[in-house]
Amino acid sequence: MAKLSTTELLDAFKEMTLLEVSEFVKAFEEEFDVTAAAPVAVAAAGPAAGGEAAVEKDTFDVVLESAGESKIKVIKEVRGLTGLGLKEAKELVESAPKAVVEGAKKEDAEKAKEALEGAGATVSLK
């Protein structure tokens, strides 16, 4: 297999949907036994802690805080938003608080939040 340059990899990611990138990140994490979420959280907290001028965020993480009473409905919504299988979606819901969608545009994040809240979940945007 030919080695891809960084530019070629970035071009490939630009053509992927958010769900495809999410699936790739999950597979990458499993393959190399790493977690991509921790550095993102540290980087997001960095500017706020530094006291720099507030800059409006353009990407958001949709975090499932609690499944509420309708766990099955929430699992269905998580599957619809992420493309995860039943087992993976159930594990995500049961491990709340957990990010369902990461790096989404504000509009997409709000739609995901509304869908999950409509199913009975408690959700926050970060």
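Everything numeric here is computed off the predicted structure, so don't read it as measured data.

A. Representation of the side chain of serine 124 within the structure. In this structure, serine 124 sits in strand S3 (residues 122–125). For serine 124, a relative accessible area of 18% translates into the label buried. A polar side-chain atom of serine 124 sits 2.6 Å from a polar atom in the side chain of glutamate 65. Setting aside residues up to four positions removed in sequence, serine 124 forms contacts with Asp61, Val62, Val63 and Glu65.

B. Examining the packing of helix H4 (residues 71–82) against helix H6 (residues 106–118) more closely. Contact geometry of H4 with H6 gives a least axis separation of 8 Å together with a crossing angle of 155°. By the angle between their axes, H4 is roughly antiparallel relative to H6. The chirality of how H4 crosses H6 is right-handed. Counted together, Val74, Glu77, Val78 and Leu81 of H4 and Ala112, Ala115 and Leu116 of H6 form the full contact between these two elements.

C. Representation of helix H5 (residues 86–94). Along H5, the positions that sit buried rather than exposed are Ala89, Leu92 and Val93. Within H5, the buried residues cover an arc of 95° as seen down the axis, which keeps them to one side. If you follow the buried residues of H5, they end up packed against strand S1 (59–66), H4 and strand S2 (98–105).

D. How the structure looks around the packing of aromatic side chains. One pass over the structure, following the stated rule, counts three aromatic pairs. Measuring from ring centre to ring centre gives 5.9 Å for phenylalanine 24 and phenylalanine 28, while their planes differ by 40°; the resulting arrangement is tilted. With phenylalanine 24 and phenylalanine 28 both in helix H2 (residues 18–32) and four residues apart, this pair spans about one turn of that helix. By relative accessible area, which is 36% here, phenylalanine 24 ends up partly exposed.

E. Expanded view of the pattern of salt bridges. Enumeration over the complete set of coordinates arrives at five salt bridges. One salt bridge connects lysine 71 with glutamate 94, and the closest N-O pair in it is separated by 3.0 Å. Placement of lysine 71 in helix H4 and of glutamate 94 in helix H5 is noted, with a sequence separation of 23 residues between them. What makes lysine 71 partly exposed here is its relative accessible area of 35%. For glutamate 94, a relative accessible area of 42% gives the class partly exposed.

F. Up close: the nonpolar core. Ranked by size, the top nonpolar core spans 20 residues in total, and within it Val62, Leu64, Val74, Val78, Val93, Val100 and Leu116 carry the most contacts. Among all residues touching valine 78, those that are not within four sequence positions of it are Gly83, Leu84, Ala89, Leu92, Val93, Val100 and Leu116.

G. Inspection of the environment of lysine 126 at higher detail. Summarising the element assignment, lysine 126 is placed in the segment after S3. Separated by 65 residues in the primary sequence, lysine 126 and aspartate 61 place their C-alpha atoms 5.1 Å from one another.

H. A look at the packing of H4 against H5. Packing of H4 against H5 leaves a shortest axis separation of 9 Å and a crossing angle of 120°. Regarding the angle of H4 to H5, the classification is oblique. Remark: the crossing between H4 and H5 carries right-handed chirality. Mapping the contact onto sequence places Lys71, Val74, Ile75, Val78 and Arg79 in H4 and Leu86, Ala89, Lys90, Leu92, Val93 and Glu94 in H5. Classifying every residue of the contact of H4 with H5 by side-chain character gives seven nonpolar, no polar and four charged.

What counts and how
Residues numbered from 1 in each chain as written. Predicted model: local features only at pLDDT ≥ 70, side-chain atom pairs only at ≥ 80, totals over all residues. Heavy atoms only, no water. Helix = DSSP H or I, 4+ residues; strand = E, 2+ residues; numbered from the N terminus. Buried < 20%, exposed > 50% of the residue type's maximum accessible area, 1.4 Å probe, protein only. Polar contact = N/O pair within 3.5 Å; in protein donor to acceptor, adjacent residues only side chain to side chain. Contact = heavy atoms within 4.5 Å. Axes fitted to C-alpha atoms, helices over the stretch in contact; angles between N-to-C directions. Parallel < 35°, antiparallel > 145°, perpendicular 65-115°, else oblique. Left-handed = near helix turned anticlockwise from the far one by under 90°. Arc of directions from axis to C-beta. Phe/Tyr/Trp six-rings, centres within 6.5 Å; stacked < 30°, edge-to-face > 60°. Salt bridge = Lys/Arg side-chain N within 4 Å of Asp/Glu carboxyl O. Core = buried A, V, L, I, M, F, W, Y, C linked by side-chain atoms within 4.5 Å. Nonpolar A, V, L, I, M, F, W, Y, C, P; charged D, E, K, R; others polar.

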